[in-house]
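Spelled out from the first residue to the last, the chains are:
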Amino acid sequence: MSMKEQEIVEMILKKAPYAEGKVRRERRIEFKVPADRIRDFLTLMKESGFELMLQITPVDWIKEGEIELIYQIWSVTHRIHAMVRTRIPRELEKARMPTVKDIYPAAETYERDAHEFFGIYFEGNEKMEMPWILDDTERGTYPLRKDFDMLSYVKKKYKILDRFDENKDNYVI
């Protein structure tokens with residue numbers, strides 16, 4: 001028999017006073033955790049019956065100068081989905097997080113994706129390589145960041161000439 005959502009949130013927050021937590025709706029809970037405590041918190045979540053990592057989702061908050069990482073984990077035991085949110089600076093040299101692949105092995109792939117598409121470096125994950133979609137001359141460009149200019153990139157990459165349609169300034173590629 002599973003524990004109620006509020007009881008689980010309270011149990012976890014009692015062990016992690018640095019976090020904020022709430023029930024989103026039935027079978028959905030959410031936590032906000034400082035970036036420097038993410039390993040401690042995810043270890044606690046695993047020990048509390050949240051066995052599976054489903055995904056790590058980066059969100060680029062360009063106006064706030066931050067990237068939010070949302071760790072989505074599932075409890076088979078409690079049949080509850082938890083989102084664990086944290087924020088890091090957006091600047092490439094500061095967009096760093098510790099790996100959690102030793103806590104949740106599936107995180108290795110999600111961390112690599114976050115690195116390739118957003119430029120987040122996960123310390124301790126040896127798979128942080130140059131993105132396969134970019135050439136060496138394109139180092140430092142990450143295609144899912146909101147300031148990535150896809151149109152200029154495609155035109156340069158594939159040497160497409162500028163063309164316009166009859167309706168104002170719409171590009172035709």
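Data block above holds the structure.
Calculation notes
Residues numbered from 1 in each chain as written. Predicted model: local features only at pLDDT ≥ 70, side-chain atom pairs only at ≥ 80, totals over all residues. Heavy atoms only, no water. Core = buried A, V, L, I, M, F, W, Y, C linked by side-chain atoms within 4.5 Å. Buried < 20%, exposed > 50% of the residue type's maximum accessible area, 1.4 Å probe, protein only. Helix = DSSP H or I, 4+ residues; strand = E, 2+ residues; numbered from the N terminus. Contact = heavy atoms within 4.5 Å. Phe/Tyr/Trp six-rings, centres within 6.5 Å; stacked < 30°, edge-to-face > 60°. Lys NZ or Arg CZ within 6 Å of the ring centre and 35° of its normal. Pairing = 2+ DSSP bridges. Axes fitted to C-alpha atoms, helices over the stretch in contact; angles between N-to-C directions. Patch = residues over 30% accessible without salt bridge, like charges linked within 9 Å, V, L, I, M, F, W, Y side chains within 5 Å. Areas by Shrake-Rupley, 256 points an atom, 1.4 Å probe, with all protein chains shown as cover. Salt bridge = Lys/Arg side-chain N within 4 Å of Asp/Glu carboxyl O. Polar contact = N/O pair within 3.5 Å; in protein donor to acceptor, adjacent residues only side chain to side chain.

Asker: Can you tell me about the nonpolar core, naming the residues and giving the values?
Answerer: Counting residues in each nonpolar core, the largest one holds 36 residues, and the members touching the most others are F50 and Y71. When residues of this core are traced back to their parent elements, those giving at least two are α1 (5-15), β2 (28-32), α2 (38-47), β3 (52-61), β4 (66-75), β5 (80-89) and α3 (107-118). Take this core: its biggest share by element is five residues, from α2. Contact partners of F50, with chain neighbours within four places excluded, come to I8, I12, I29, M45, I73, W74, S75, H78, I80, A82 and Y104.

Asker: Now, about the packing of aromatic side chains: what can you tell me, with residues and values included?
Answerer: All told, the structure shown has two aromatic pairs when counted by the stated rule. Among the aromatic side chains, those forming a connected cluster through ring pairs are Y18, F31 and F41. Cation over ring: R37 sits above Y18, and NZ or CZ is 3.8 Å from the ring centre.

Asker: Pulling in residues and values, what's your account of the sheet that holds strand β1 (residues 20-25)?
Answerer: Read across the sheet, five strands follow the order β1-β2-β5-β4-β3 without closing on themselves; strand pairing throughout is mixed. In the strand order of this sheet, the two ends are held by β1 and β3, each with one partner. In this sheet, neighbouring strand axes are inclined to one another by 20 degrees on average, regardless of whether the strands run parallel or antiparallel. Pairing analysis gives 10 bridges linking β4 to β5, with the strands arranged antiparallel. Looking across to β5, one finds that L69 is bridged to T86. Along the sheet face, α2 touches β2, β3, β4 and β5 and points at about 175 degrees away from the line of β5. Running at roughly 15 degrees to β3, α3 makes contact with β3 and β4 of the sheet.

Asker: An account of a nonpolar patch on the surface is needed here, citing residue identities and associated values.
Answerer: Taken together, the side chains of L52, L54 and V76 present a nonpolar region at the surface, about 240 Å² in accessible area. Relative to the assigned elements, L54 resides in strand β3. Taking relative accessible area as the criterion, L54 reaches 37% and is therefore assigned partly exposed.

Asker: Any chance you could break down the environment of Y18 for me, citing the residues and the numbers?
Answerer: Structurally, the position occupied by Y18 is in the loop between α1 and β1. Separated by 14 residues in the primary sequence, Y18 and K32 have C-alpha atoms spaced 9.0 Å apart. Filtering out sequence-adjacent residues up to four positions away, Y18 remains in contact with V33, P34, R37, D40 and F41. Separated by 3.5 Å, the side chain of Y18 and the backbone nitrogen of F41 make a polar contact.

Asker: Give a detailed account of the side chain of E68, specifying residues and quantitative values.
Answerer: Structurally, E68 can be placed in strand β4. Polar side-chain contacts of E68 include one of 3.2 Å to the side chain of W61. One polar contact links E68 to R85, side chain to side chain, over a distance of 3.1 Å. Among residues more than four places away in sequence, those in contact with E68 are T57, P58, V59, W61, R85, T86 and R87.

Asker: A description of the pairing of β2 should follow, citing residues and the corresponding values.
Answerer: For a regular strand, side chains alternate in direction, first toward one face of the sheet and then toward the other. Pairing of β1 with β2 involves five bridges; the strand directions are antiparallel. If you follow V23 over to β2, its bridge partner there is I29.

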